[in-house]
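Inside the fold
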Amino acid sequence: MNSKLKIQNSKLATSLSASKRILDVLVSGLALLLLSPVLLIIAVLVRIKLGSPVLFRQQRPGFNCQLFTIYKFRTMISKTHDAQGNQLPDDQRLTSFGLWLRATSLDELPELLNVLGGQMSLVGPRPLMVKYLGRYTPEQNRRHEVKPGITGWAQVNGRNNMTWEQKFEYDVWYVDRQSFWLDMKILFLTAWQVISRKDIAKEGHATVDEFMGTDKKIEN
């Protein structure tokens, strides 16, 4: 009986993965085509206001912690240190134009290339910094059991206005309950959130605080 159940679950997982990939390819391909004029205009504005390179590239862990290069529009100036050699905080490197890009989520549009390429999905836990990998509890690390997404369950339930532990709880909740209709719900809620510009950042913070790990051990 257990063997049959495992086979059924495996078939369901394969079917879900296939339908999710089809949706990712269709939506990301169509979006890149329709939004190409917008992408070009933003690229030109970034080049004028922030200089080169236009795209921000960084290694991030994806499915099963495999590393890939994520693409975003730049939102910060390239200068990282002041005249005394001190490292500049993010809020001093983030320009008003960059802040607007983040507030409208337009900086995330190049990630559609990652979705089309198969490194990301439209919906899934957000891909975070590589240096965080050694800081997760085993339960938190389960967020890598699915492809990372442009948006996710945590993003429509508070986005950046919550603790890291709360985000990871939402991520693992999604891993255990993912479905086609849940993805549709998340995409709909994301569109509303972008329009309303809710929970872009914590009050008094220009960017997200670094995750330093958690002392709380999450039990299975």
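One structure accompanies this document, and this report is about it. Predicted, not measured: the structure shown is a model, and the values here were computed from it.

**With respect to unusual backbone geometry**
Looking along the chain, the bond that leaves Ser-52 and enters Pro-53 is cis, with omega of 0 degrees. One can find Pro-53 in the loop between helix H2 (36-50) and strand S1 (55-61). Positive phi, close to 65 degrees, is recorded for Ser-105, a residue that is not glycine. Here Ser-105 is to be found in the loop between helix H4 (96-104) and helix H5 (111-117).

**A closer look at the nonpolar core**
With 28 residues, the main nonpolar core has Ile-42, Val-46, Phe-73, Tyr-174 and Ile-186 as its most contacted residues. Among the secondary structure elements, those contributing two or more residues to this core are helix H1 (2-34), H2, strand S2 (67-73), H4, H5, strand S3 (121-123), helix H6 (164-177) and helix H7 (180-196). By residue number, the principal contributor to this core is H2, which donates 5 residues. Contacts of Ile-186, omitting those with residues within four sequence positions, involve Val-123, Thr-151, Gly-152, Trp-153, Val-156 and Tyr-174. If you look at the next biggest cluster of nonpolar residues, it comprises 6 residues, including Leu-128, Tyr-132, Tyr-136 and Phe-211.

**Overview of the pattern of salt bridges**
Enumeration according to the criterion identifies 10 salt bridges in this entry. Lys-131 serves as the salt-bridge partner of Glu-210, at 3.4 Å between the closest nitrogen and oxygen. Residue Glu-210 is located in the segment after H7, and its partner Lys-131 is located in the loop between S3 and strand S4 (149-151); the two are separated by 79 residues in the primary sequence. Since its relative accessible area comes to 36%, Glu-210 is described here as partly exposed. Residue classification places Lys-131 among the partly exposed positions, given a relative accessible area of 43%. With a closest N to O distance of 2.6 Å, Arg-142 and Asp-176 form a salt bridge. Placement of Arg-142 in the loop between S3 and S4 and of Asp-176 in helix H6 is noted, with a sequence separation of 34 residues between them. Shared partners join several salt bridges into a network, and the residues in it are Lys-72, Glu-108, Glu-111 and Arg-126.

What counts, and at which threshold
Residues numbered from 1 in each chain as written. Predicted model: local features only at pLDDT ≥ 70, side-chain atom pairs only at ≥ 80, totals over all residues. Heavy atoms only, no water. Helix = DSSP H or I, 4+ residues; strand = E, 2+ residues; numbered from the N terminus. Core = buried A, V, L, I, M, F, W, Y, C linked by side-chain atoms within 4.5 Å. Buried < 20%, exposed > 50% of the residue type's maximum accessible area, 1.4 Å probe, protein only. Contact = heavy atoms within 4.5 Å. Salt bridge = Lys/Arg side-chain N within 4 Å of Asp/Glu carboxyl O.

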